Amino acid sequence: LADLFSSIKNECPGTDVRLVAHSLGARVVLSSLDSLHENQTWNDNNFTIKSVDLLGAAVHDEEVSTNPDDILIDPTNFGTPKSAYGQAIQAVVTNFTNFFSSKDNTLEPNLEKPIYPFFETDLALGQSGYQKIPYKIKLPGNYNENDVKDELVAYCDADGDHKIDFPFVDGQTITTGDNHRGYLGYRNVNDNSTISDDGAIDIV
């Protein structure tokens, strides 16, 4: 992916590259930014990514730090591969925004069966925003975040396929902000080619 961005900027240096990533896609984008940060040609030409918008990022909440020590001293990171992408964010991106939902059922820790915290033993950037406890991490100067829980409507079928979205089950009560799949909008169940709600895209 980083090679693609580099090729685009080499061929068309005046072109603005804007990235939107959802959930695990955030990991791919952050890794790409890290690769670009280490790319000599990219740096020599002062290329930048115009904007990066993460939605419901399935990434640990301290990985946007500019200080690698924030990763090393966090006890939840012992024995796991994690990176501090903050320096790459600051150097490579003009505008960086993390859109999260504090009620996201896939990422939320305060549930009977938490999914992300159970498997990752940490909080997600897409649920809590950047890490503030037990200590506040050092953020890039271009980092912004926005809790968009009110943009995720209380509906369990975001893709309009007449099936309940994971991790919901039949009969479960769903409230505003819960549906991890709703960031990119909700398809109309009667006409899947149209949307019934735009999720958080209108803010992006």
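Look up a bit, the structure's there.
Residues numbered from 1 in each chain as written. Predicted model: local features only at pLDDT ≥ 70, side-chain atom pairs only at ≥ 80, totals over all residues. Heavy atoms only, no water.

**Some words on helix α2 (residues 25-37)**
Because the α-helix completes a turn every 3.6 residues, residues three or four places apart line up on one side.
Consideration 1: Between its terminal C-alpha atoms α2 stretches 19 Å, which fits the 18 Å expected from 13 residues at 1.5 Å a residue.
Consideration 2: Taken together, the buried positions of α2 are A26, V29, L30, S32, L33 and L36. Looking straight down α2, one finds its buried side chains confined to an arc of 155 degrees; they lie on one side.
Consideration 3: Turning to α2, the residues buried within the fold contact α1 (2-11), β1 (18-22), α3 (40-44), β2 (49-55), α5 (86-92) and β3 (93-100). (Helix = DSSP H or I, 4+ residues; strand = E, 2+ residues; numbered from the N terminus. Expected span 1.5 Å × (residues − 1). Buried < 20%, exposed > 50% of the residue type's maximum accessible area, 1.4 Å probe, protein only. Arc of directions from axis to C-beta. Contact = heavy atoms within 4.5 Å.)

**Concerning the pattern of salt bridges**
Consideration 1: As enumerated under the stated definition, the model contains five salt bridges in all.
Consideration 2: K149 serves as the salt-bridge partner of D147, at 3.5 Å between the closest nitrogen and oxygen.
Consideration 3: Residue D147 is classed as partly exposed on the basis of its relative accessible area, which comes to 29%.
Consideration 4: Salt bridges linked by common partners bring D159, D165 and R181 together as one network. (Salt bridge = Lys/Arg side-chain N within 4 Å of Asp/Glu carboxyl O.)

**Observations regarding the sheet that holds β3**
Consideration 1: The parallel open sheet is built from four strands, whose spatial order is β1-β2-β3-β4. Each edge of the open sheet carries a strand with a single partner, namely β1 and β4 (143-147). When the angles between neighbouring strand axes are averaged without regard to direction, this sheet yields 15 degrees.
Consideration 2: Alignment of β1 against β2, held across five bridges, turns out to be parallel. When the bridges of β2 are listed, A21 appears paired with L54. (Pairing = 2+ DSSP bridges. Axes fitted to C-alpha atoms, helices over the stretch in contact; angles between N-to-C directions.)

**A short note on the layout of surface pockets**
Empty space among the atoms becomes apparent when a probe as large as a water molecule is rolled across them.
Consideration 1: Taken as a whole, the largest pocket spans an internal volume of roughly 250 Å³.
Consideration 2: If you trace the largest pocket, you find it lined by N105, L111, E112, K113, I115, P167, V169 and Q172.
Consideration 3: Classifying every residue of the lining of the largest pocket by side-chain character gives four nonpolar, two polar and two charged.
Consideration 4: As a volume, the second largest pocket reaches approximately 170 Å³.
Consideration 5: Lining the second largest pocket are S23, L24, R27, A58, T106, L107, I115, Y116, F119, E120 and H180.
Consideration 6: Broken down by element, the lining of the second largest pocket gets its largest block of residues, three residues, from helix α6 (residues 116-120).
Consideration 7: Within the lining of the second largest pocket, the residues separate by chemical class into six nonpolar, three polar and two charged. (1 Å grid on protein atoms, 1.4 Å probe; cavity = no way out; pocket = protein on both sides within 12 Å on 5 of 7 lines; lining within 4 Å. Points joined across faces, edges and corners; volume = space filled by probe spheres on them. Nonpolar A, V, L, I, M, F, W, Y, C, P; charged D, E, K, R; others polar.)

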